[in-house]
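# Overview (structure and organization)
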Amino acid sequence: FFFFFFFQAEDGIRDVERSRGLGDVYKRQISHKMLLKSMQPGCGQIEIRKILTELSPPFISAKSWAIADGRTGQVLFGKGDSDKREIASLTKIMTAYVALRLSFALNIDLYHTYATASEHAASVGGTSAMLKDKDKLSLIDLMYGMLLPSGNDAAIVVAEYFGSLLLKPKPKDKKPAPVNTPQNEALNPEMAFVVEMNSMAKQLKLSGTVFWNPHGLYSYSNRSTAADLARLSSLAMRDATFRDIVSKKSYIAIGYDSAAKEKEFFWQNTNKILGKGGCNGIKTGVTDTAGPCLVTNIKLKAFCFIIVLLNSKTMDARWDEVGKLKEWAIERLRQIEKISKKSKKYKRKVLRTFKHI
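Residues numbered from 1 in each chain as written. Predicted model: local features only at pLDDT ≥ 70, side-chain atom pairs only at ≥ 80, totals over all residues. Heavy atoms only, no water.

## Quick word on a nonpolar patch on the surface
A contiguous nonpolar patch, built from I252, I254 and F266 and spanning about 280 Å² of accessible area, is present on the exposed surface. Within the fold, F266 resides in strand β11 (residues 262-268). The exposure class of F266 is partly exposed, given its relative accessible area of 47%. (Patch = residues over 30% accessible without salt bridge, like charges linked within 9 Å, V, L, I, M, F, W, Y side chains within 5 Å. Areas by Shrake-Rupley, 256 points an atom, 1.4 Å probe, with all protein chains shown as cover. Salt bridge = Lys/Arg side-chain N within 4 Å of Asp/Glu carboxyl O. Helix = DSSP H or I, 4+ residues; strand = E, 2+ residues; numbered from the N terminus. Buried < 20%, exposed > 50% of the residue type's maximum accessible area, 1.4 Å probe, protein only.)

## Quick word on the pattern of salt bridges
With the rule as written, the count across this model stands at 6 salt bridges. Residue D69 pairs with R71 through a salt bridge whose shortest N-O separation is 2.4 Å. Residue D69 is classed as buried on the basis of its relative accessible area of 3%. With relative accessibility at 28%, the residue R71 sits in the partly exposed group. Close ionic contact of R85 with D83 constitutes a salt bridge, the shortest N to O distance being 4.0 Å. Using a relative accessible area of 33% as the deciding quantity, one classes D83 as partly exposed.

## With respect to the packing of aromatic side chains
Taken as a whole and judged by the stated rule, the model has 8 aromatic pairs. Here Y144 and Y251 contribute two aromatic rings whose centre-to-centre distance is 3.7 Å and whose plane-to-plane angle is 0 degrees, an arrangement assigned as stacked. Note that Y144 is positioned in helix α5 (residues 139-147) and Y251 in strand β10 (residues 250-256), a separation of 107 residues in sequence. For Y144, a relative accessible area of 6% gives the class buried. (Phe/Tyr/Trp six-rings, centres within 6.5 Å; stacked < 30°, edge-to-face > 60°.)

## Focus: the sheet that holds strand β4 (residues 64-69)
Pairing is antiparallel in the open sheet, where 5 strands are placed in the order β5-β4-β14-β13-β12. Strand pairing shows two members of the sheet lacking a second neighbour, β5 (75-79) and β12 (279-285), which therefore form its edges. The average undirected angle you get between the axes of adjacent strands in this sheet is 10 degrees. Where β12 meets strand β13 (residues 293-299), 5 bridges bridge the pair, whose relative direction is antiparallel. In the strand pairing of β13, C279 is matched with I298. The strands that helix α8 (residues 226-236) touches are β4, β5, β12, β13 and β14 (304-310); relative to β14, the one it contacts most, it runs at about 140 degrees. (Pairing = 2+ DSSP bridges. Axes fitted to C-alpha atoms, helices over the stretch in contact; angles between N-to-C directions. Contact = heavy atoms within 4.5 Å.)

## Brief notes about the packing of helix α3 (residues 91-105) against helix α7 (residues 189-203)
Remark: α3 packs on α7, axes separated minimally by 10 Å, with the N-to-C direction vectors making an angle of 95 degrees. Viewed along their axes, α3 and α7 adopt a mutual orientation that is roughly perpendicular. In this structure, α3 uses T91, M94, T95, Y97, V98, A99, R101 and L102 to contact α7, whose residues at the interface are F193, E196, M197, M200, A201 and Q203. (Parallel < 35°, antiparallel > 145°, perpendicular 65-115°, else oblique.)

## Focus: unusual backbone geometry
Omega for the bond connecting G281 with I282 falls within 30 degrees of zero, at 10 degrees, which places this linkage in the cis form. Relative to the assigned elements, I282 resides in strand β12. For N107, which is not a glycine, the phi torsion comes out positive at approximately 55 degrees. Within the element layout of this structure, N107 appears in the loop between α3 and β7 (114-116). Residue N107 is classed as exposed on the basis of its relative accessible area of 71%.

## Quick word on the nonpolar core
By size, the foremost hydrophobic cluster in this structure holds 69 residues, and its most contacted members are M94, L131, L142, F162, F242 and W267. With 8 residues, α3 is the single largest residue contributor to this core. (Core = buried A, V, L, I, M, F, W, Y, C linked by side-chain atoms within 4.5 Å.)

## Overview of the environment of L137
Summarising the element assignment, L137 is placed in strand β8 (residues 136-138). On the basis of relative accessible area, L137 is assigned to the buried category, the value being 0%. Separated by 21 residues in the primary sequence, L137 and T116 place their C-alpha atoms 6.7 Å from one another. Aside from chain neighbours lying at most four places away, what touches L137 is T113, Y114, A115, L131, L142, A253, G255, F265 and W267.

## Observations concerning the confidence of the model for the protein
Counting all residues, the mean pLDDT for the protein is 82, and 76% of those residues have values of 70 or more. Overall, residues 345-357 carries pLDDT values under 50, and its contacts beyond four positions in sequence, including any with other chains, amount to 36 contacts. (pLDDT = per-residue confidence, 0-100.)

Below, the structure is given as structure tokens:
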């Protein structure tokens, strides 16, 4: 026998737990109440409940994971998707998103505006776009350098450039606009940009997200949740420039060195499943404490998913687990849809989550 426990989550979404076989795995579902109410008494409720519990998720080594509707970022299924965890270079999704928003607001041409790498940026360590002190590249090239090879150096250059603009006084101001930097951090362009990242997180209602640097390295305080990252990623993927960048497997940039001589950069995407199984982005991440992480966008003919994995067991486990979750989610959604359509009281809005099917 199966036992079911239904309780109302804080955001109004129903959670279901099966007492046998899943342990502490919670599966968040979109609009359980609506699905069940749409059924005639005794007709579809038992079948829906059976699907929601019998089609158990595959074993996933990630400590937290989420499958979200790629169009809205709304979580369909997940485990520990509200747990706050370190996110390593997934931080750069927000860095890029904020930079793109600022470039639009300030009317900055990413292709013809150049930024120079500081000594601080060039010496940051970790994954790198191979920038040297005083290297000069266009902002669009720096975005590629940040998102493809996951360059921490490129992320700092981007943050310093836009942060310096945020600190510039407005025409009527005698002093720079006030910026509340994280505690014990001196006021500087990079931290001004980080404040903007946190402001954006608050604006987007990413309540489990906080940033202390623009790259995700050397900070236990850069944290988010699988659910927050799914929402952020769905918004970022709506931007054509962002979408184009993260879909590239490799990129060649032409910049200038400290002597103003042309310098070529070649970067490869760290996302090994890009172009496979419908994957068209978006970002990998790993540190010793965050573990291997991945956010990927899966676009198929009938479905569009954002899949988030935080702290997987191994680097390679991420690639296999994305495929497992994708197939499991598709099968589950199709079965729910099939049973829902049997009801005489069926309403199209019940399956608004699946309108792209």
